[in-house]
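Examining the three-dimensional arrangement
What follows is the residue order along each chain.
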Amino acid sequence: MSIQVVRTTDGWWVESGTGRLHRVDTDADTTAGLLADRSAVQRAAAHAAAAPDAGLSTGGAGLLSPVTTPCRVVAQMVNYRSHAVDSGFDPDTVPPAFFRKASGSISGPDQDIVRPQHVRFLDYEVELGLVMGADLPVGTEVTDTDLSHYVAALVVANDVSARDLQLPKTQFYESKSYPTFTPLGPRLLLVDADDLARLPELRLTLAVNGATRQDRTTTDMIVRPASALSLLARFQTLQPGDVLLTGTPGGTALRSPGRLLTTLAALLPPHKRWQKFFARQQANPDYLKDGDVVTARIATDDGALDLGEQRTVVRAR
């Protein structure tokens, strides 16, 4: 059974079904440390179940990212069929790919997203984050049966992206690693094997100023978590507290201009190609602007698994 954990400046808390916070009596100051002290989490969860209306209110609690830094942040590229189509790829043939983000990009679920002055095309990507609870050595083969041995928790993520840096420079690391470009939380949803069996039922939604932009379940995934971890473990070690972002569904601001325009653009020198591409993007109203309110949520439709909702505001630096 899942347990909802949040983090504040005062420590770790289990959130009851009524939204009240019950302190986890632990000395852990990292996510890895918390995951290792499961007995303390279980005691707090038992108290929350017995007295759900006791405890502190979440209002004004000042929630922090439940994933502490430093840690590894690895992400899957083009891992939803709808996103592949939006990006001009064939979802049946797009190869699995990974990239890294700086853990300094991690921010809290209510913290502002800061757009650097030189970034013009700021995009959003709601993603399901898998938080590791055990070492994943190079060479590990992960199956759906033993997925719960490696994945201890789930978290809402927004893979904020500076498209005008990402595309011309083919530079994922810089374009996705500025401070506040990885809001995580609000909850660290601790899960077991039964919970992970329901992963296909999780629905990812993202809205900007109340208008829904992304809305898909994880059945739209191309490479599912166990397979993704096996592929990643061919070359990358993960440790407790590290996080794998599993891709975003369609509906981002960035979309392929279409096959004909792409073919014609290929005839141009690279600098001319990108000039024309971003000139067209200027007319796209979906990129994030100063003052935009971004809400991102992941939950099953019946609410049995609920990772909570982020609410972040875009601010120009």
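Residues numbered from 1 in each chain as written. Predicted model: local features only at pLDDT ≥ 70, side-chain atom pairs only at ≥ 80, totals over all residues. Heavy atoms only, no water.

**Description of helix H2 (residues 38–50)**
Look at H2: 18 Å from first C-alpha to last across 13 residues, which is about the 18 Å you get at 1.5 Å a residue. Within H2, burial applies to Ala40, Val41, Ala44, Ala45 and Ala48. The buried residues of H2 occupy an angular sector of 135° when projected down its axis, which confines them to one face. Across from the buried face of H2, at angles greater than 90 degrees, the exposed residues are Arg43, Ala49 and Ala50. If you follow the buried residues of H2, they end up packed against strand E1 (3–8), strand E2 (11–15), strand E3 (20–23), helix H1 (31–36) and strand E14 (188–190). (Helix = DSSP H or I, 4+ residues; strand = E, 2+ residues; numbered from the N terminus. Expected span 1.5 Å × (residues − 1). Buried < 20%, exposed > 50% of the residue type's maximum accessible area, 1.4 Å probe, protein only. Arc of directions from axis to C-beta. Contact = heavy atoms within 4.5 Å.)

**Some points on the sheet that holds E3**
Strand order across the open sheet formed by 10 strands is E4-E3-E2-E1-E14-E11-E10-E17-E5-E6, with mixed pairing between neighbours. The sheet terminates laterally at strand E4 (56–57) and strand E6 (98–101), the two strands that pair on one side only. Both strand E5 (residues 73–76) and strand E17 (residues 243–245) contribute to a ladder of 3 bridges, which runs parallel. Note on E17: the bridge partner recorded for Ala75 is Leu245. (Pairing = 2+ DSSP bridges.)

**Thoughts on the packing of aromatic side chains**
For the coordinates displayed, the defined rule picks out 5 aromatic pairs. On the numbers, 6.2 Å between centres and 65° between planes, the contact of Phe98 with Phe235 is edge-to-face. Linking Phe98 in strand E6 with Phe235 in the loop between helix H8 (225–232) and E17, this pair joins segments that are 137 residues apart in sequence. What makes Phe235 exposed here is its relative accessible area of 54%. (Phe/Tyr/Trp six-rings, centres within 6.5 Å; stacked < 30°, edge-to-face > 60°.)

**Topic: the confidence of the model for the protein chain**
This prediction gives the protein chain a mean pLDDT of 93; 94% of its residues lie at or above 70. Confidence scores differ between elements of the protein chain, with helix H9 (residues 259–265) showing the lowest mean pLDDT of 42 and strand E10 (residues 126–132) the highest of 99. Taken as a whole, residues 260–268 scores under 50 in pLDDT and shows 7 contacts with residues more than four places along the chain or in a different chain. (pLDDT = per-residue confidence, 0-100.)

**Some words on the layout of surface pockets**
In this structure, the second largest pocket spans a volume of roughly 380 Å³. Lining the second largest pocket are 20 residues, with Met1, Ser2, Ile3, Gln4 and Glu15 sitting closest to its centre. Listing elements by their share of the lining of the second largest pocket, those giving two or more residues are E1, E2, H2 and helix H7 (193–196). When residues in the lining of the second largest pocket are grouped by element, the largest group, 4 residues, is from H2. Grouping the amino acids of the lining of the second largest pocket by side-chain chemistry returns 9 nonpolar, 6 polar and 5 charged. (1 Å grid on protein atoms, 1.4 Å probe; cavity = no way out; pocket = protein on both sides within 12 Å on 5 of 7 lines; lining within 4 Å. Points joined across faces, edges and corners; volume = space filled by probe spheres on them. Nonpolar A, V, L, I, M, F, W, Y, C, P; charged D, E, K, R; others polar.)

**Quick word on the sheet that holds strand E16 (residues 211–217)**
Hydrogen bonds between backbone groups are what pair the strands of a sheet, and the pairing can be parallel or antiparallel. Reading across the sheet, the 5 strands line up as E8-E19-E18-E15-E16 and stay open at both edges, with mixed pairing between neighbours. Each end of this open sheet is capped by a strand with a single partner; those strands are strand E8 (113–115) and E16. Across the sheet, the mean angle from the axis of one strand to that of its neighbour is 15°, orientation sign disregarded. Here strand E18 (residues 293–300) runs beside strand E19 (residues 306–316); their pairing, made up of 6 bridges, is antiparallel. Bridging from a neighbouring strand, Val293 pairs with Val313 of E19. (Axes fitted to C-alpha atoms, helices over the stretch in contact; angles between N-to-C directions.)

**What to know about the pattern of salt bridges**
In the structure shown here, the tally under the stated rule is 21 salt bridges. Asp123 is the salt-bridge partner of Arg163, the closest N and O atoms lying 2.9 Å from each other. Placement of Arg163 in helix H5 (residues 163–169) and of Asp123 in strand E9 (residues 122–123) is noted, with a sequence separation of 40 residues between them. Each of the two residues, Arg163 as well as Asp123, counts as buried. Linking Glu174 and Lys169 is a salt bridge whose minimum nitrogen-to-oxygen distance equals 2.8 Å. The exposure class assigned to Lys169 is partly exposed, which follows from its relative accessible area of 47%. Within this structure, Lys101, Asp123, Glu125, Asp159, Arg163 and Lys176 form a network of salt bridges that share partners. (Salt bridge = Lys/Arg side-chain N within 4 Å of Asp/Glu carboxyl O.)

**A closer look at empty space enclosed by the protein**
To find leftover empty space, a probe the size of one water molecule is rolled over the atoms. This model, assessed by the stated rule, comprises 1 cavity of 30 Å³ or more. Of the pockets and cavities examined, the largest cavity occupies roughly 60 Å³. Lining of the largest cavity is provided by Gln76, Met77, Val78, Asn79, Val94, Pro95, Pro96, Ala97, Phe98, Ile222 and Val223. Here the lining of the largest cavity is built from residues that sort into 9 nonpolar, 2 polar and no charged.

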